[in-house]
Amino acid sequence: MTLSEEELAEELRGGAMAGAPSSTRLIARRFFRSGQGRLGFAVLALMFLLAFAGPLVSPWSYLDKDFTAFLQPPSPDHWFGTLQTGADVFAVTLRGMQKSLIVGLLAALVSTALAAVVGAFAGYFLGWTDRTLTWVSDLLLVLPAFLVLAIMSPLFGSGQWPLFVITLALFLWMVTSKVVRGMTISTKEREFIQAARYMGVPPVRIIFRHVIPNLSSLLIVDATLNVSTAILTETSLSYFGFGIQPPDVSLGTLIADGSRTAVYAPWTFWFVAGLLVVTVLAVNLVGDALRDAFDPSSKRAR
């Protein structure tokens, strides 16, 4: 009996991904068995809850101004105090957290997806495809990303932050793509890939249905760690005025504004800076715990 291409693909997928649900449960158990995994997940969930649910309980919007309270310390009316403009620090901080978290997540997802596709195509086809994609990644590695983003900053005006996300993601994928390329070269020699190739399954379909899914552990961990990298990069760029542009705010713009008054009005700086440090630390804890969950041999001896 001859199998159709669809039946073969399902058969191969079943062989390659056998026990996937149980593997997922095993990885989840390893992750939540780790102290740093539980702590990182709890803190990160709390940060998201604070950023997106906090504005619902705040009496102030990030656009509101209290013209009777300029640069006032924390009080029952303004929980985190106010800025020089009369804006509520709690409200603008949560708005900045929202924007930074969204930018970090989207940039990490886009850069990881790009790294997976470029690395898999380069490793699977080799030849001129590999040389071309490797040349592009090497070129982007030597380009000064900060300078390029600074030059493009006038394009990131109000409402254009998705363009900033895409531009930021373009400078985060190159190293991961090289790792994916090397793993693809070895993965494409496995039996189920060879069987699909002999049966005439198109190469692009093999890449997206078999090669990339078999590298999911690397890509998930990389995407998680790229979140903190993207958040810190966005914060640095926004601090110097090259990232998120007014009237919108991010943690970087708030830290830049707060640094001018941090000495005599510390609430304008330390609340924002503290939340940034806690968020990045939580993301890194989650990333490290995920890496240990996917690869227990990488766990440090206790």
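Please refer to the structure higher up on the page.
Okay, so let's go over this structure. (Residues numbered from 1 in each chain as written. Predicted model: local features only at pLDDT ≥ 70, side-chain atom pairs only at ≥ 80, totals over all residues. Heavy atoms only, no water.)

1. Quick notes on the overall build of the chain
For the chain, the helix and strand inventory stands at 13 helices and zero strands. Taking as baseline every contact in the chain between residues at least 6 positions apart, the subset at least 24 positions apart corresponds to 72%. Of the roughly 15300 Å² of accessible surface on the chain, 68% is carried by carbon and sulfur atoms. (Helix = DSSP H or I, 4+ residues; strand = E, 2+ residues; numbered from the N terminus. Contact = heavy atoms within 4.5 Å. Areas by Shrake-Rupley, 256 points an atom, 1.4 Å probe, with all protein chains shown as cover.)

2. So, the packing of aromatic side chains
Overall, the coordinates contain 14 aromatic pairs when judged by the stated rule. Aromatic pair Phe121 and Phe125: ring centres 5.6 Å apart, planes at 35 degrees, arrangement tilted. Separated by four residues within a single helix, Phe121 and Phe125 lie in helix α4 (residues 89-125), roughly one turn from each other. By relative accessible area, which is 36% here, Phe125 ends up partly exposed. (Phe/Tyr/Trp six-rings, centres within 6.5 Å; stacked < 30°, edge-to-face > 60°. Buried < 20%, exposed > 50% of the residue type's maximum accessible area, 1.4 Å probe, protein only.)

3. Some thoughts on the nonpolar core
Counting 38 residues, the largest nonpolar core has Phe31, Met97, Ile231 and Leu276 as its most contacted members. Secondary structure elements with two or more residues in this core: α2 (20-33), α3 (35-57), α4, α11 (216-239), α12 (251-259) and α13 (270-294). By residue number, the principal contributor to this core is α13, which donates 11 residues. Residues in contact with Phe31, not counting those within four places in the same chain, are Gly37, Arg38, Phe41, Val286, Ala289, Leu290 and Ala293. (Core = buried A, V, L, I, M, F, W, Y, C linked by side-chain atoms within 4.5 Å.)

4. Digging into the side chain of Gln194
As for its placement among the helices and strands, Gln194 is situated in helix α9 (residues 191-198). Contacts of Gln194, omitting those with residues within four sequence positions, involve Lys188 and Glu189.

5. Some remarks on the packing of helix α8 (residues 174-187) against α11
The contact between α8 and α11 brings their axes to 11 Å, and the two run at 175 degrees. Relative to α11, the element α8 lies roughly antiparallel. Here Thr176, Val179, Val180 and Met183 of α8 lie close against α11, whose contacting residues are Leu218, Leu219 and Asp222. Across the contact of α8 with α11, the residue classes break down as five nonpolar, one polar and one charged. (Axes fitted to C-alpha atoms, helices over the stretch in contact; angles between N-to-C directions. Parallel < 35°, antiparallel > 145°, perpendicular 65-115°, else oblique. Nonpolar A, V, L, I, M, F, W, Y, C, P; charged D, E, K, R; others polar.)

6. Some words on unusual backbone geometry
The phi angle at Leu71 is positive, at roughly 55 degrees, despite the residue not being glycine. Examined against the element boundaries, Leu71 turns out to sit in the loop between α3 and α4. Judged by relative accessible area, Leu71 falls into the partly exposed class, the value being 21%. In the Ramachandran plot, Leu126 falls in the positive-phi region, its phi being about 55 degrees despite a non-glycine side chain. Here Leu126 lies in the loop between α4 and α5 (127-142). Overall, Leu126 belongs to the partly exposed group, its relative accessible area being 28%.

7. A word on the layout of surface pockets
The computed volume of the largest pocket comes to approximately 480 Å³. What lines the largest pocket is a set of 25 residues, among which Leu83, Val249, Thr253, Leu254 and Asp257 lie closest to the centre. At the level of elements, α11 and α12 are the ones that each hand at least two residues to the lining of the largest pocket. For the lining of the largest pocket, the element with the most residues is α12, which contributes four residues. (1 Å grid on protein atoms, 1.4 Å probe; cavity = no way out; pocket = protein on both sides within 12 Å on 5 of 7 lines; lining within 4 Å. Points joined across faces, edges and corners; volume = space filled by probe spheres on them.)

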